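# Close look at the chain arrangement
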Amino acid sequence: MMDGPVGYSFSTSENQEMIRRMVRDFADKNIRPKLMEWDEAQYFPVEVFKQLGELGLMGVLVPEVYGGSGFGYQEYVDVIVEVAKVCGSVGLSVAAHNSLCTGHILAFANEEQKQKWLPKLATAEWIGAWGLTEANTGSDALRMMTTAVLDGNEYVINGAKNWITHGKTGDVAVVMVRTGDKGDSKGISAIVVERGTPGFSAGKKENKLGMRASETTEMIFDNCRVPKENLLGKEGEGFKQAMKVLDGGRISIAALSLGIARGAYESAVAYAKERHQFGQPIASFQGISFKLADMATEIEAAELLIRQAADLKNRGLPMSKESAMAKYFASEVAVRCATEAVQIFGGYGYTKDFPVEKFYRDSKLCTIGEGTSEIQKIVIAREVLKN
């Protein structure tokens, strides 16, 4: 908030209150009872996302004309936070579907493409995936190996994408491919590939520390032929598009982090009031109460950064620095809060009978996915050193 106007109002809108209540009720009824079962089995609960689609929560930012809810980024933050307070895995998948695949098509598709794909994505009739990362090119996306060569009226895609949310179950994927020279930012294009296209298959499913109910798999392309009409924008614009999509995606992961942090904090507060040692609740001990004070303060600060970035995004203003700050800070806060929550629970925090061990496992991905904390610092430093 050091420079530039901030238009965000601190009062909560009627829409936001309604959405918070709706998501909270849904999560308590449909996610909380099954979350450990899904986590243990690494089960991706597609049926839950279909239900979320019926509530309009899989197309939060999509205009109503395409079957979406037509809300802005403040409401979107509320959706992700409320889901992630209960289950980070479901929150991650809601975020990836909304901001990556659907968000990319919403931002860069032509009208015909929007009408073709957005109504199915906004209602969760189709689940969306987004492919940028490869096995040997994590942060170094410009050196991707997946290629697309134009042959007549079709692109022929060859290569593989790794760490893809919904890489197996997703019905449609926006895939970044190399159409030019390796290392050239103008040599990458974005192409939509539908499930069932010959040559498009899922590879290895990752066995993860946390976020286990959010599916993460390889996507493999073996002479996969896709109509050239599936190109988003023009050839060579894919990298620029992806970076803009990630700006919004950082708000998603920041909101996901905030939800996890809040879930861990609220569990810790409740436990500290109930758990007695030496004849009094452990919340009365300064060693515990100071932990809770630190958690509460960092959570509030993280939310302010997120709301600022969301406000700039809503108003169409530049927000690379603000979204990177929000993502960096909130993700690190999620890890710290989850760690302290486990400490407050003591031995019980180390068991799967209590929710904080799952917040602990889930939180770490937030500092890695959609740009590591180190990458966020690069983005922030670049922005602050511009002038």
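On a predicted model such as this, the values are computed, not experimentally measured, just so you know.

### A closer look at the packing of helix 8 (residues 286-314) against helix 9 (residues 320-345)
For the pair helix 8 and helix 9, interaxial distance at closest approach is 9 Å and the crossing angle is 155°. On the basis of their axis angle, the class for helix 8 and helix 9 is roughly antiparallel. Classified by chirality, the crossing of helix 9 by helix 8 is left-handed. The class makeup of the residues in the contact of helix 8 with helix 9 is 18 nonpolar, three polar and five charged.

### Focus: the UniProt feature "domain: Acyl-CoA dehydrogenase/oxidase N-terminal" (unreviewed entry) in the protein chain
The positions that UniProt labels "domain: Acyl-CoA dehydrogenase/oxidase N-terminal" (unreviewed entry) are, in the present scheme, residues 13-125. Between the first and last C-alpha atoms of residues 13-125 the distance is 29 Å; the span itself is 70% helix and 0% strand.

### Notes on the nonpolar core
Counting residues in each nonpolar core, the largest one holds 70 residues, and the members touching the most others are Ile31, Leu52, Val90, Leu256 and Ile344. A total of 13 residues in this core trace back to one element, the largest contributor, which is helix 7 (residues 238-274). Counting contributing residues, this core receives three or more from each of domain 1 (14-127) and domain 3 (239-385). If sequence neighbours within four positions are ignored, Ile31 has contacts with Phe26, Trp38, Val48, Val83, Val86, Cys87 and Val90. Formed by 27 residues, the second largest nonpolar core is a distinct cluster that contains Val172, Val174, Ala242 and Leu246.

### Looking at unusual backbone geometry
Even without glycine at this site, Ala124 takes up a positive phi of about 65°. By secondary structure assignment, the location of Ala124 is in the loop between helix 6 (111-122) and strand 1 (128-131). With a relative accessible area of 0%, Ala124 lands in the buried category. The backbone of Glu370 sits at a positive phi, close to 55°, despite the residue not being glycine. Checked against the element boundaries, Glu370 lands in the loop between helix 10 (356-363) and helix 11 (373-384).

Rules and cut-offs
- Per chain, residues are indexed from 1 in the order of the written sequence.
- At least 70 in pLDDT is required for a residue's local features to be given in this predicted model, at least 80 for side-chain atom pairs to be given and counted, and no such filter applies to totals for whole chains, interfaces and linings, which use all residues.
- Excluding hydrogens and water, the side-chain values take into account all heavy atoms of the structure.
- Note on geometry: axes are C-alpha line fits, over the in-contact stretch for helices, and angles between N-to-C directions span 0 to 180 degrees.
- Strands are runs of DSSP state E lasting at least 2 residues, helices are runs of H or I lasting at least 4, and numbering of each runs from the N terminus.
- For classification purposes, an angle smaller than 35 degrees is called roughly parallel, one larger than 145 roughly antiparallel, one from 65 to 115 roughly perpendicular, and anything else oblique.
- Helix crossings are classified by the rotation of the near helix relative to the far one: an anticlockwise turn of less than a right angle makes the crossing left-handed, while a clockwise turn makes it right-handed.
- In this classification, the charged set is Asp, Glu, Lys and Arg, the nonpolar set is Ala, Val, Leu, Ile, Met, Phe, Trp, Tyr, Cys and Pro, and all remaining amino acids, among them Gly, are polar.
- UniProt positions are given in the numbering used here, feature names are shortened, and annotations may be inferred rather than shown by experiment.
- Buried Ala, Val, Leu, Ile, Met, Phe, Trp, Tyr and Cys residues form a nonpolar core when they are joined through side-chain atoms within 4.5 Å.
- Accessibility here uses a 1.4 Å probe with only protein chains present; expressed as a share of the type maximum, an area under 20% marks a residue as buried, one over 50% as exposed, and anything in between as partly exposed.
- Those domain boundaries reflect an automatic or database domain assignment.
- When checking whether two residues touch, look at their non-hydrogen atoms; a contact exists if any pair is within 4.5 Å.

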